[in-house]
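# Inside the fold
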Amino acid sequence: MSHYRRRAGLCAPLSSKLILRVLMGLGLLGLATHSIAQAPAPLPLNSQSSVGSILIPDRGDVTVLKLDDQLRVGKPIPDGKALTFTSSDAIDGLVDRDMHLIGRAQIRRNGAVMKADEISYDPDSDVATLIGNAELIKGNTAFKGPTARFNVDAREGEMETPNYELRDSHANGNAKKLTIQSADVFVFDNATYTTCNPENLDWYFTASKIEIDNEQKEMTGTNGVMRFFDVPIAYVPYFSVPTSGQRRSGLLAPVAGYNSNNGIDVTQPYYVNIAPNRDLLLLPRVMGQRGTQLGAQYRFLDTSEAGALGGDYLPYDRKTGTNRWRYDWQQRENFNGALSQNGIPIPGAWTGYANIARVSDNLYPTDFSQSIAGAVTSQFRQEVGTNKQLTDSLSNWNVSARALTFQTLQPDPTNIVQSPYNIMPNVTATYNNRLTPTAADVSGKYVTLPSGPATTFSTDYTRFAYNIGGNLAATAPGVYSQADRTVIKGAMALPQVTPGYYITPKVSFQSNTYNATAFNNSTVAPAQGFVLPTFSLDSGVAYERDAAELKSFFGRDMLLTMEPRAFYVYTPYQDQTNTPLFDTADGGFGLIQVFSENNFIGNDRIADNNKLTGGVTSRMIEANTGAERASVTLAQRQQFTAQRVGLNGTIANPSTYQDTLGSASVRLLGNLSVDAFGDYNAQLNQFVQTTAGTSWRPTPGRSLNIGYRNVYTPPVQASAQNNQAYTPGATTTNQYNISGQWPLTRELSVLGRWGYDALAGKTLNSLAALEWTRDCWTFRGAYSQVVNTSQLMTTQVLFQVEFRGFASAGSNPVDIMKLNVPGYMPTSKPIPPSIYENYQ
């Protein structure tokens, strides 16, 4: 019988070194095996052979090339200093004057290879003439034709009717003539260009002249015609396109689609590469039902600052008869000091930021956004702030300041969105004596935590402002048009952490003071502050045992853990009926909140607590890898005295009944996962929160997801001070979601999503999409419907044809597919070829 034992460490040993050693061992074994297979026959061993010599079978007369043991690339050798090697069935001519290689002729120099039936080489002019099945190969570039002339040192030459292959860009084609101007510049007359296999030319590009510059990574040409299944689809008198992912100025692929709000919608981006750390994107956009919109986005990145500035402007909207606009500014600035490797300011750094966005009207995101997330945005913020970490004797202190305003949109007249208070300004100072991060121990196998008492202290001053008179159409968040709030917090904890258990006693306090001004001098009770202490005690134990009974099911060693946890918190009751709400909300009741000291999020409420929370978590873990296959948690909070502090005043009928929480997460082999969460309220005798979902992803590109969510919202008390009317309890969410991606054939994959609201009895969102991938092109199409408000539904039709390694046309639906289908895998990009793939 197996028994639980106390865990030897809170964190499993770091296995990176072991994994690295195993991988290195396998890699060296493969190299050793490969070397044995490729090595030439050794000399016969004698009695003085060294210990450990390996006998290799005799390969006879077979010539075997020696490969570098680690495939290293050495320093490039100038062509003038490189040796020249030749081979052929026969050779004649004059030494150092004229040389004729006949039959399977080859000349090699510095990585370049020339092959032909016959090669004539003149050392004086350094010109090689190739006759019959001529080939020129350099790295991953290859040319084939009947004849060719090549200046070996200058890397110049020409070839008639060549076929070419550029493996770096997966391109190939043919031409009437090839002129090699240098090692990296090739000029083709009457040429074709494609990334398709030669036997499957679904698309190809023809031009009277094409110049490919591998050094600049660009292709230019004249009189270009794009053909798709031999049908001309585009003509350009002159073109210049990149052959790699490097940035360069020029036209990007147009974005085209259909939207029920705008009709035919076409955007033609133009990219301006100003500098390596600065660029500009111009976005002219034509909408059939609205007009022409101008947009731009500027980005910059320096050692001390980074940011982006963008916006759109529509001079006249034919639907609304108004001017419409948007702007967005984001910037981060490091005034002095340095940043750590992960970008976090170190002590002494002084940083600042700006995050400002605004639109012209309530329906701007719904009408003009090209993504689902943007279409449902109802709030834009304008925020600037600064932060300073002090040094020397004040190195434990951090000070910051910010100012924040909101633009809250009202796209749905039947569902008014409440705007929060503006913050003008907020100033904080924070002290923390536990700035030392966690670190690995001497062995590097375990993580050690800082020891000793942990002390924190903070002071926070905020001025809240709200233009109630200018927002009468929307419900104001309170009766105050302006208020000053000062919050002081302090806490001291003594964590005792050992490998098998932990216990953390903690005492803290919070003091709030207010100076509030009511709108139009309304008769309202003065804003009430408070001073409240809190005591908490958090403890837990970790046990584990070998689960031999699970090995037959999983086929590997498994561990089972048992992790009980107990959390007690006490805060005395203080009436907060006349304490206003500026930035505070109910924290809900979940597995995180049940082990928290305060039920509320924000600084305006402190819940009275005399509660003990008990919970237990059990995990199923792979013993060798540490991968968690399953986790189950149960938790319940016992109230010794009923909580009376509510969000909108004193709770009328407090009760000691507490909910029981349960969650389960299972990750079975075969990429099947199941997640569930339930919150059962004993007083109401029902589940107030239920979430369940399952996902099956057998292989990349195959996924099926099913989800369900139900939420019951308890009654909300009325509050005249916070402009809150009484709201009865009701089920507010009852939704189903089904989504997935599945290939029908090796080339065709379909995607879909359906979201249904059982309360409203209607579909919230739907998506039908397909992805058709061929050898050198991919077609993506999507049809989407989204309910934006109770009166508006947006329909989108998106489609795109992507020609691999060349260009794309249409409106890319990949983002909408990722948002709607969890686990969606777009078409994989080709792997860049190795320099040894075309080894000659």
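Below: a short report on this structure. (Residues numbered from 1 in each chain as written. Predicted model: local features only at pLDDT ≥ 70, side-chain atom pairs only at ≥ 80, totals over all residues. Heavy atoms only, no water.)

### Overview of the side chain of Ser 536
Note the threshold: Helix and strand labels come from DSSP, where a helix needs a run of H or I of at least four residues and a strand needs a run of E of at least two; each type is numbered from the N terminus. Between N or O atoms, a polar contact is any pair within 3.5 Å; within protein, one atom must be a potential hydrogen donor and the other a potential acceptor, and residues adjacent in sequence are included only when both atoms are from side chains. Throughout, a residue-residue contact means that at least one pair of heavy atoms, one from each residue, lies within 4.5 Å.
As for its position among the elements, Ser 536 is in strand E35 (residues 530-541). A distance of 2.8 Å separates the side chain of Ser 536 from the side chain of Glu 597, its partner in a polar contact. With sequence-adjacent residues up to four places away left out, Ser 536 is seen in contact with Thr 504, Pro 505, Lys 506, Phe 567, Tyr 568, Val 569 and Glu 597.

### With respect to the nonpolar core
Defined as follows: As used in this record, nonpolar core signifies buried Ala, Val, Leu, Ile, Met, Phe, Trp, Tyr and Cys residues forming a set joined through side-chain atoms within 4.5 Å. Each residue is placed in one exposure class: buried if its accessible area under a 1.4 Å probe, protein chains only, is under 20% of its type's maximum, exposed if it is over 50%, and partly exposed if it falls in between.
Among the nonpolar cores identified, the biggest contains 42 residues, and Leu 130, Phe 188, Tyr 193, Trp 203, Ile 210 and Phe 806 are the most heavily contacted of them. Sort the elements by how many residues they give to this core and strand E13 (residues 203-213) lands first, with 5 residues. Each residue touching Leu 130, except ones within four places of it in the same chain, is listed here: Met 114, Lys 115, Ala 116, Glu 118, Ile 119, Glu 135, Leu 136, Pro 146, Thr 147 and Ala 148. Within the second largest apolar cluster, 14 residues are counted, among which are Phe 464, Ile 468, Ala 476 and Ala 483.

### A short note on the pairing of strand E19 (residues 270-275)
Regular strands place their side chains on alternate faces of the sheet. Our working rule: Only strands joined by at least two bridges in the DSSP assignment are considered to pair.
In the sheet, strand E16 (residues 250-251) pairs with E19 via 2 bridges, with the strands oriented antiparallel. Its bridge partner being in E19, Gly 250 is matched across the sheet by Tyr 271. Here 4 bridges tie E19 to strand E20 (residues 278-282), and the two strands are oriented antiparallel to one another. Across the sheet, the residue bridging to Tyr 270 is Leu 282, located in E20. What sits between E19 and E20 in their antiparallel hairpin is a turn of 2 residues.

### Points about the packing of aromatic side chains
Stated precisely, the cut-off is as follows: Under the pairing criterion, centres of Phe, Tyr and Trp rings, with the six-membered ring standing for Trp, must be within 6.5 Å; the plane angle then separates stacked pairs below 30 degrees from edge-to-face pairs above 60, leaving the rest tilted.
Scanning the model with the defined rule gives 26 aromatic pairs in all. Seen from their ring centres, Phe 143 and Phe 188 are 6.3 Å apart, and the 40 degrees between their planes marks the pair as tilted. Of this pair, Phe 143 sits in strand E7 (residues 141-151) while Phe 188 is found in strand E12 (residues 185-193), placing the two residues 45 residues apart along the sequence. Phe 188 carries the same exposure label as Phe 143, and that label is buried. Members of the aromatic cluster, joined through ring pairs, are Trp 203, Phe 228, Phe 229, Trp 772, Trp 777 and Phe 803.

### A few points about the pattern of salt bridges
What counts, and what does not: When a carboxyl oxygen of Asp or Glu is within 4 Å of a side-chain nitrogen of Lys or Arg, the pair counts as a salt bridge.
By the definition in use, this model includes 30 salt bridges. Residues Glu 563 and Arg 619 are paired through a salt bridge, measuring 2.8 Å at the closest nitrogen-oxygen approach. One end of the pair, Glu 563, is in strand E37 (residues 558-571); the other, Arg 619, is in strand E40 (residues 609-622), and 56 residues separate them in sequence. By relative accessible area, which is 15% here, Glu 563 ends up buried. Judged by its relative accessible area of 26%, Arg 619 is partly exposed. Linked by salt bridges that have partners in common, Arg 290, Asp 317, Arg 324, Asp 361 and Asp 367 make up one network.

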